[in-house]
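Spelled out from the first residue to the last, the chains are:
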Amino acid sequence: MPHHERKLLLASIHDVGPRFAAQIDELADRLEAQLAGPNFAMLVVPDHWGGQRLAAGTEFAGKLRGWADRGVEMFVHGWFHRDLAEHSGMAKFKARHMTASEGEFLGLDEAEAARRMADGRALIEDIIGREAAGFIAPAWLYGPGALTALEQSGYALAEDHMRVWEPATKRTVARGPVITWASRSPARTASSLFFAAAARKMLHPLQTVRVAVHPGDVTKASILDSIGRTLDCFTRHRAIGRYRDLRKF
């Protein structure tokens, strides 16, 4: 099958940092077992909610470097992850209903967004010893300032709920919804389990299917079961890919 016709599965672990070290270990072990090795990405938060900043020379920094050395792609995932901005209009709706005050880059102006993107990149690249794979905003939410800053950031890739793109060229390299789960309330969990089950039936025509897991997922057996079923479903009929593969299409 020609490369451009290969259907891919991309998997990622969000909110990677020392705050959730134990949960990240569990998710990494589960994905590695199901994906025939460390064939997934990690979205690394430099200072999750403040007070848990990544630091070179720490045990967690060593783990990150080890994962990167083994081929795990490392994305910069905001700076604090928490959204401290005041919003109005559609941004207020997104901040309230699409995330629990986690959309850090939804309300930032261009200068502040650019500063956090650059600072996060410098910190993470120093720890992993190589270039970051790209930038993905917390909760996949970008305001106008963040989108403008991204174009000049030098990051190779960015992602939101519905697509992956190259910021410098604005070229979309993958389309389709991310399959992800919500653990923070019974209603959201039920909704995410329903969507994942539907996705296992409906998303097969897509060129690229993306699956994203979060530290909170390990707290609910129903979510872990759904993640396992979803990965099994899509690995049967498509290649386990990496984000960098998308730039070859």
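**As for the packing of helix α1 (residues 21–34) against helix α7 (residues 221–235)**
Remark: α1 packs on α7, axes separated minimally by 10 Å, with the N-to-C direction vectors making an angle of 30 degrees. One element, α1, and the other, α7, form an angle in the roughly parallel class. When you trace α1 past α7, the crossing you get is right-handed. Of the residues in α7, those in contact with Glu 26, Arg 30, Leu 31 and Gln 34 of α1 are Leu 224, Ile 227, Gly 228, Leu 231, Asp 232 and Thr 235. Within the contact of α1 with α7, the residues separate by chemical class into four nonpolar, three polar and three charged.

**A few points about the packing of aromatic side chains**
The tally for this structure, following the rule as stated, stands at five aromatic pairs. Residues Phe 135 and Tyr 155 carry aromatic rings whose centres are separated by 5.6 Å and whose planes lie at 45 degrees to one another, so their mutual orientation is tilted. Here the residue Phe 135 occupies a position in strand β4 (residues 134–135), and Tyr 155 occupies one in the loop between α5 (144–151) and β5 (158–159), the gap between them amounting to 20 residues. We classify Tyr 155 as buried; its relative accessible area is 4%. Judged by centre distance (5.5 Å) and plane angle (65 degrees), the rings of Tyr 142 and Trp 165 are edge-to-face. Remark: Trp 165 occurs in strand β6 (residues 163–166) and Tyr 142 occurs in the loop between β4 and α5; sequence separation between them is 23 residues. For the pair Tyr 142 and Trp 165, one class covers both residues: buried. Joined through ring pairs, the aromatic side chains of Phe 105, Phe 135 and Tyr 155 make up one cluster. Sitting above the plane of the Tyr 155 ring, Arg 121 keeps its charged end 4.7 Å from the centroid. Positioned above the aromatic ring of Trp 165 is the side chain of Arg 163, whose terminal nitrogen or guanidinium carbon lies 4.0 Å from the ring centre.

**A closer look at the layout of surface pockets**
Its boundaries defined by the atoms lining it, the second largest pocket holds a volume of some 260 Å³. In terms of lining, the second largest pocket is formed by 14 residues, of which the most central are Glu 73, Glu 131, Ala 132, Ala 133 and Arg 244. Grouping the amino acids of the lining of the second largest pocket by side-chain chemistry returns eight nonpolar, one polar and five charged.

Conventions used here
- Residues numbered from 1 in each chain as written.
- Predicted model: local features only at pLDDT ≥ 70, side-chain atom pairs only at ≥ 80, totals over all residues.
- Heavy atoms only, no water.
- Axes fitted to C-alpha atoms, helices over the stretch in contact; angles between N-to-C directions.
- Helix = DSSP H or I, 4+ residues; strand = E, 2+ residues; numbered from the N terminus.
- Parallel < 35°, antiparallel > 145°, perpendicular 65-115°, else oblique.
- Left-handed = near helix turned anticlockwise from the far one by under 90°.
- Contact = heavy atoms within 4.5 Å.
- Nonpolar A, V, L, I, M, F, W, Y, C, P; charged D, E, K, R; others polar.
- Phe/Tyr/Trp six-rings, centres within 6.5 Å; stacked < 30°, edge-to-face > 60°.
- Buried < 20%, exposed > 50% of the residue type's maximum accessible area, 1.4 Å probe, protein only.
- Lys NZ or Arg CZ within 6 Å of the ring centre and 35° of its normal.
- 1 Å grid on protein atoms, 1.4 Å probe; cavity = no way out; pocket = protein on both sides within 12 Å on 5 of 7 lines; lining within 4 Å.
- Points joined across faces, edges and corners; volume = space filled by probe spheres on them.

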